Amino acid sequence: MNRNQNPAARQRWAQNSRLQRMAAEWSAGYPPYWGSLTVWFVTACLAAGAATGLFTGRPVLYVATTGFVLLSLILLIRRVGRPHSWPDITAQELTTYCPADAVAFRELQCCVAETGHITARVLSFWLEKEWSALTRREYAFTSRQVRNDEREDIPNE
């Protein structure tokens, strides 16, 4: 079965992609949720800008200010319920992850249990092992037994 046809495999690939993106942003020094922080900041600035125009007496600015303030509050409330550090975000994602390489995942768990926290380097190292396990394919010729009368060298092309 193709990985696109298997919902569990598709979910594993999506989660692995999210984890790789998280590790890359963490290693690059980006703050968590920098995209949503940017949207919230722009919305808050638009609300403040529209609020300064309230004194002109234009009804359109009343509606715009109310809309921007509501949108800014909604975005702020959504952000409050989320974890605010890369280790917490990664740990939350790993709680539902079904690993392809169970041995490497146990090593990751043991390393985090020993140190008491997860680092970007440890996460990247585990993701490399997980990626190789996800992309590993089984080929028919690898399980074939070579007979004694067959030559084992590569034929000339």
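None of the values given here were measured: they were computed from a predicted structure.

S.K.: Could you clarify how one ought to interpret the packing of helix H1 (residues 7–28) against helix H4 (residues 86–94) in this entry?
M.R.: The geometry of a pair of packed helices is captured by two quantities: the angle between their axes and the separation between those axes. Contact geometry of H1 with H4 gives a least axis separation of 11 Å together with a crossing angle of 170°. As summarised for this structure, H1 and H4 are arranged roughly antiparallel, according to the angle between their axes. Contacts between H1 and H4 pair Gln 15, Arg 18, Leu 19, Met 22, Glu 25 and Trp 26 from the former with Trp 86, Pro 87, Ile 89, Thr 90, Glu 93 and Leu 94 from the latter.

S.K.: How should I be thinking about the pattern of salt bridges in this particular structure?
M.R.: Oppositely charged side chains may form a pair once their charged atoms are brought near each other. If you walk through the whole model with that rule in mind, you get three salt bridges. A salt bridge links Arg 18 to Glu 93, with the nearest nitrogen and oxygen atoms 2.9 Å apart. Highlighted residues: Arg 18 in helix H1 and Glu 93 in helix H4, separated in sequence by 75 residues. Taking relative accessible area as the criterion, Arg 18 reaches 33% and is therefore assigned partly exposed. You can call Glu 93 buried: its relative accessible area is 13%. Residue Lys 129 pairs with Glu 107 through a salt bridge whose shortest N-O separation is 2.7 Å.

S.K.: Even after reading the chapter, I still don't get the packing of aromatic side chains, so can you show me in this structure?
M.R.: How two aromatic rings sit relative to each other is given by the distance of their centres and the angle of their planes. Applying the stated criterion to the full structure yields three aromatic pairs. Both rings, one in Phe 105 and one in Trp 126, keep their centres 5.7 Å apart while their planes meet at 55°; by these two values the pair is tilted. Pair noted here: Phe 105 is in helix H5 (residues 102–115) and Trp 126 is in helix H6 (residues 120–135), with a separation of 21 residues, a long-range link. The same class applies to Phe 105 and to Trp 126, which are both buried. Counting every residue linked through ring pairs, the aromatic cluster contains Tyr 97, Phe 105 and Trp 126.

Here is what the cut-offs are and how they apply
Residues numbered from 1 in each chain as written. Predicted model: local features only at pLDDT ≥ 70, side-chain atom pairs only at ≥ 80, totals over all residues. Heavy atoms only, no water. Axes fitted to C-alpha atoms, helices over the stretch in contact; angles between N-to-C directions. Helix = DSSP H or I, 4+ residues; strand = E, 2+ residues; numbered from the N terminus. Parallel < 35°, antiparallel > 145°, perpendicular 65-115°, else oblique. Contact = heavy atoms within 4.5 Å. Salt bridge = Lys/Arg side-chain N within 4 Å of Asp/Glu carboxyl O. Buried < 20%, exposed > 50% of the residue type's maximum accessible area, 1.4 Å probe, protein only. Phe/Tyr/Trp six-rings, centres within 6.5 Å; stacked < 30°, edge-to-face > 60°.

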